[in-house]
Every structure is written in structure tokens, then in C-alpha cells.
Amino acid sequence: MPSTRNSADGKGRARAFGLACGRLTPGPRNAITDVPGVRVGHVTLDDGALQTGVTAILPHAGNLYRDKPVAAAEVLNGFGKSVGLMQVEELGALETPILLTNTLSVGTAATALVRHAIAANPDIGRTTATVNPVVMECNDGPLNDIQALAVTEAHATMALAAALEQPDGAEVAVGSVGAGRGMSCFGFKGGIGTASRRLKLDGRRHHLGVLVLANFGRPGELRLPDGRRVAPPVPDDAPEKGSVIVVAATDAPLDHRQLRRVIRRAGVGLARVGSFWGHGSGDIALGFTTANRIDHDERADIVPLRMLNERRIDSLFEAMADATQEAVLDALAAATPVVGRDGATRPCLSAILTSGSTE
């Protein structure tokens, strides 16, 4: 049976190993769910050669098709098979939750999102516009039997339900869970990681949170915040051909253009951990703000939109870079052992950090 575990164990996260990044203060959970209203749910498939899953991110618990968060996407290197990014960039809004899964399950997850939206909005495609599902992926084929097409619409629906069931501000399970079950990163076991940073704007507290699906990086090129370079115990000269998905959320009021500027700084965080966005890597960032929404049924010709004073945007740039860097390290630190297709496995970074055998 697939698991929908969504608990988190702080002992296995990046900061438990001293892997804190930057000078800014994290939110109370150091997670994307520090942004009020954001929820995360996982479905994990752990059955012999089947090591995969689905992760759902909900910007808010309401009807996303009717109440669309302003959003933006940035493709650092486009070796990927995502769905929905083109319309997000054209119209600057999300209409569905975000699903993360493996490469060959994107279509299945997109169909599940369409059905989910139609169930809440029977007018879709009939008396109003169609819906733009957003699904992003990484290739878990080295550990998971990806050809089995094991992820079903039911699994995607379960991940959505698991996210919706979470209370506001819940902890996020990280490591080898959900879409991260079969992922690899810098030759180690990869997966789901998260981090957040606290901001103060006009005297009020805001947050920027990041969740990553980490499946990238050449073995031997991982760099820790103190400059140490870490390699897997067994040398591996495999080329860079993984991917990373970075999802950012904030409650700071940004417009579409500002959001795109902010999420572009995900590349800074990825570079700090040792990535150069290789030819075979799909490195994609998507961000949304819960502070600006687009009403699907708006009747006014002109609508107000709040945005950040551009001279204050550096604080968000810094938060994005630091939170991305730490979220990747979080995925690596929290990952637990997985034995998958043909007995394939990956070492866990936690074992290296515990033994003290880094350079």
C-alpha cells in the first residue's frame, strides 16, 4: 500500500548536521509551510523495484481555479518534461495545486489535476475557460522501475488529499518521501528538502519558503557551506544528467515580474552546492505569492495590485539563494536508504557526516 506519511523528524534535517546557510533567520519550521496557507502532502510507493511517488503543494486550501495566486516560472536548463509552465509564464498565475512526480508520470498527474479542478468547477471547458494543470518532474529511473508506470491518478489524488488534510503551518516530511523516493543527488540519495527565511517589510513579518526535488549534481562535486567537498564512498565519474525542481512560496506582495526575478536566484543556491546546470539536467524554478490573487470571475475593468518597492527586493533575493541552498542540503541530510530496481541503491550523506569522513 502507498504511504501518505507527512510527519517530519528534525533530527535528520540539514541543521542537525550544522548545515545552515546564510545569515537570515529561518521561519518556525524552516519549511515552505511557514508561508501561511501553504500545505504539502506526499504519497510514497515503496515496493521492491517500485520506488517513486507524488508530492502535492497547495498554495492555499481554497478553490485555486477561482482564486489564482500570482506565479512565475524560470527555466535554468530545460532538459525536462513539465506541464503547465508556458501558461504560468504567459498569464502569471496558478490555477491548480503543483504536483511533483517522476518523468513518465507527468501525464497521469496532469489528468488527476484536471479531474480535481473539474470536480470543484463543473463549468471548466464548457461555459468558462479550460484549466492549466502544473506538474513538474525528475527522472528516478536509476532506482525506480520507471517503465512500470506505477504512479496512478489515484496516487496523485491521494497526495492532494494528504496536503489538504494538513493543518496550516504543519511540518513537512523530507528525504526519501513522495516524489523524492527514488531520487539521487551528487551520487548520494536525494529527495525532498525544504527551508524558509523570515523577512520584515514595513514592520510586518513575512516569509519566503522553498521546497526542492533534488535529483542532480555530479558525484564528488557536492560542497557544504563551510567549503568542504564531499564525495560518495565509491568513486563515480557519471556525467551530470539529473534534474532539480525548486518551488518557492511567499506571502510578500510581488507581481509576476518580481516573482520571476526572485526565483531566478534559485540558481545561486544550486551553484553554491556544486551544480553548473549540466546539459542533461532539467533545472526549473516556480514561485507564487499568496498575497496577490487573481479572481477568475472578476467583473471590474481595472483591478488593484500590490507590489514590493523594488529597492527592497534584495532581501528576497538573499532569502531565495540561501533557502534553495539549504533545502538541497536538507534533502540530502534527511534521505534514508532505498534499495530499488535490480538492487540499485545510493549512499546517504548522513552516514558520511556522522562518520566525519568529509574532505
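Conventions adopted
Residues numbered from 1 in each chain as written. Predicted model: local features only at pLDDT ≥ 70, side-chain atom pairs only at ≥ 80, totals over all residues. Heavy atoms only, no water. Axes fitted to C-alpha atoms, helices over the stretch in contact; angles between N-to-C directions. Helix = DSSP H or I, 4+ residues; strand = E, 2+ residues; numbered from the N terminus. Parallel < 35°, antiparallel > 145°, perpendicular 65-115°, else oblique. Left-handed = near helix turned anticlockwise from the far one by under 90°. Contact = heavy atoms within 4.5 Å. Nonpolar A, V, L, I, M, F, W, Y, C, P; charged D, E, K, R; others polar. Salt bridge = Lys/Arg side-chain N within 4 Å of Asp/Glu carboxyl O. Buried < 20%, exposed > 50% of the residue type's maximum accessible area, 1.4 Å probe, protein only. Expected span 1.5 Å × (residues − 1). Arc of directions from axis to C-beta. Pairing = 2+ DSSP bridges.

(A) Seen up close, the packing of helix H2 (residues 106-120) against helix H3 (residues 153-165). Closest axis-to-axis distance for the H2/H3 pair is 8 Å, and the angle between their directions is 60°. By the angle class used here, H2 and H3 are oblique. Between H2 and H3 lies a crossing of right-handed hand. Mapping the contact onto sequence places Thr108, Ala109, Thr111, Ala112, Leu113, Arg115 and His116 in H2 and Glu153, Ala156, Thr157 and Leu160 in H3. For the contact of H2 with H3, the residue count by class is five nonpolar, four polar and two charged.

(B) How the structure looks around unusual backbone geometry. Backbone geometry at asparagine 30 places phi at a positive 50°, although glycine is not the residue there. Topologically, asparagine 30 is positioned in the segment before strand E1 (39-47). The backbone of leucine 149 shows a phi angle near 50°, a positive value even though the residue is not glycine.

(C) Region of interest: the pattern of salt bridges. Considering all chains together, one arrives at 20 salt bridges under this definition. In this structure, arginine 29 and aspartate 34 form a salt bridge, with 3.1 Å as the shortest nitrogen-oxygen distance. Judged by relative accessible area, arginine 29 falls into the partly exposed class, the value being 22%. Overall, the relative accessible area of 4% leaves aspartate 34 in the buried class. Aspartate 342 is the salt-bridge partner of arginine 341, the closest N and O atoms lying 3.3 Å from each other. Residue aspartate 342 is classed as exposed on the basis of its relative accessible area, which comes to 73%. Among the charged side chains, a network of salt bridges with common partners joins Glu74, Glu89, Arg260 and Arg264.

(D) View of H2. Relative to the 21 Å expected for 15 residues at 1.5 Å per residue, H2 spans 22 Å between its end C-alpha atoms, a close match to the ideal helical length. Taken together, the buried positions of H2 are Val106, Ala109, Ala110, Ala112, Leu113 and Ala117. Buried residues along H2 cover an arc of 160° about the axis, so they all sit on one side. Along H2, exposed side chains directed more than 90 degrees from the buried face belong to Arg115 and Ala119. Buried residues along H2 sit against strand E4 (98-102), strand E5 (134-138) and H3.

(E) Structural detail: the sheet that holds strand E8 (residues 191-201). Across the sheet, five strands lie side by side as E3-E13-E12-E9-E8; this open sheet has mixed pairing. The sheet is open, and its two borders are formed by strand E3 (67-78) and E8, each paired with just one other strand. Mean inter-strand twist for the sheet, computed between neighbouring axes without regard to direction, equals 15°. By the bridge criterion, 11 bridges tie E3 to strand E13 (residues 282-295) in an arrangement that is antiparallel. Looking at E13, one finds that valine 70 is bridged to threonine 289. Sheet strands in contact with helix H4 (residues 256-264) are E3, strand E9 (204-215), strand E12 (243-250) and E13, and its direction is about 40° off that of E3.

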